[in-house]
Amino acid sequence: KKAKEARERTEKEKEGVRNVLSGRKQRDRVILSAFEALFVKDVSIEELDHHTSVLNKDDYFDVVRERTLSSLCGYPLCGGPLQGDASRGKGQFRISLSQRKIYSNKG
């Protein structure tokens, strides 16, 4: 009797784990779909609202970073390319970690 109860408990636990993993897979698919939609050049405000509702802060940061790496403006509503020095990896400032100082890249 105890062995049967233990097997039933184990089966219930396995089913619970399967449900959690299935939920994670579904969430990952939704996030991937949002990423793909936000990487296109022209994103409407409605699309941005819809897709960002499923993204957390880190996911959205990843979207911005990936757009920037693709030479697009990081803001999904802006369909333009990166402008100026940012597109070449040179910003307005340079940070020296060894000296713990920030320097201006402007003349």
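Residues numbered from 1 in each chain as written. Predicted model: local features only at pLDDT ≥ 70, side-chain atom pairs only at ≥ 80, totals over all residues. Heavy atoms only, no water.

**Overview of the nonpolar core**
Here's step 1: Ranked by size, the top nonpolar core spans eight residues in total: Ile31, Ala34, Phe35, Leu38, Val43, Leu48, Leu55 and Val63.
Here's step 2: Excluding anything up to four places from it in sequence, Leu55 contacts Ile31, Ala34, Phe35, Leu38, Tyr60 and Val63. (Core = buried A, V, L, I, M, F, W, Y, C linked by side-chain atoms within 4.5 Å. Buried < 20%, exposed > 50% of the residue type's maximum accessible area, 1.4 Å probe, protein only. Contact = heavy atoms within 4.5 Å.)

**Considerations on a nonpolar patch on the surface**
Here's step 1: On the surface, Phe93, Ile95, Leu97 and Ile102 cluster together into a nonpolar patch covering about 500 Å² of accessible area.
Here's step 2: If you trace the backbone, Phe93 turns up in strand 1 (residues 93-96). (Patch = residues over 30% accessible without salt bridge, like charges linked within 9 Å, V, L, I, M, F, W, Y side chains within 5 Å. Areas by Shrake-Rupley, 256 points an atom, 1.4 Å probe, with all protein chains shown as cover. Salt bridge = Lys/Arg side-chain N within 4 Å of Asp/Glu carboxyl O. Helix = DSSP H or I, 4+ residues; strand = E, 2+ residues; numbered from the N terminus.)

**Quick look at the pairing of strand 1**
Here's step 1: Bridging between strand 1 and strand 2 (residues 101-104) involves four bridges; their strand directions are antiparallel. Bridge pairing in strand 2 links Ile95 to Ile102. (Pairing = 2+ DSSP bridges.)

**Comments concerning the environment of Lys57**
Here's step 1: Looking at the element boundaries, Lys57 is found in helix 3 (residues 57-69).
Here's step 2: Measuring from C-alpha to C-alpha, the distance between Lys57 and Pro76 comes to 15 Å, with 19 residues separating the pair along the chain.

**Quick notes on helix 3**
Here's step 1: The end-to-end C-alpha separation of helix 3 is 18 Å, in line with the 18 Å expected for 13 residues at 1.5 Å each.
Here's step 2: What helix 3 keeps buried is the set Asp59, Val63 and Arg67. Relative to the axis of helix 3, the buried residues are bounded by an arc of 75 degrees and lie together on one face. Away from its buried face by more than 90 degrees, helix 3 exposes Lys57, Asp58, Phe61 and Leu69.
Here's step 3: The inward-facing, buried residues of helix 3 contact helix 1 (2-38).
Here's step 4: At the N-terminal end of helix 3, a side-chain oxygen is found 3.0 Å from the backbone nitrogen of Asp58, two or three residues along, and the residue is Asn56. (Expected span 1.5 Å × (residues − 1). Arc of directions from axis to C-beta. Polar contact = N/O pair within 3.5 Å; in protein donor to acceptor, adjacent residues only side chain to side chain.)

**Here we look at the pattern of salt bridges**
Here's step 1: Counted according to the given criterion, the structure contains two salt bridges.
Here's step 2: Between Asp59 and Arg27 there is a salt bridge, with its nearest N and O atoms 3.9 Å apart. Highlighted residues: Asp59 in helix 3 and Arg27 in helix 1, separated in sequence by 32 residues.
Here's step 3: By relative accessible area, Arg27 is classed as partly exposed at 38%.

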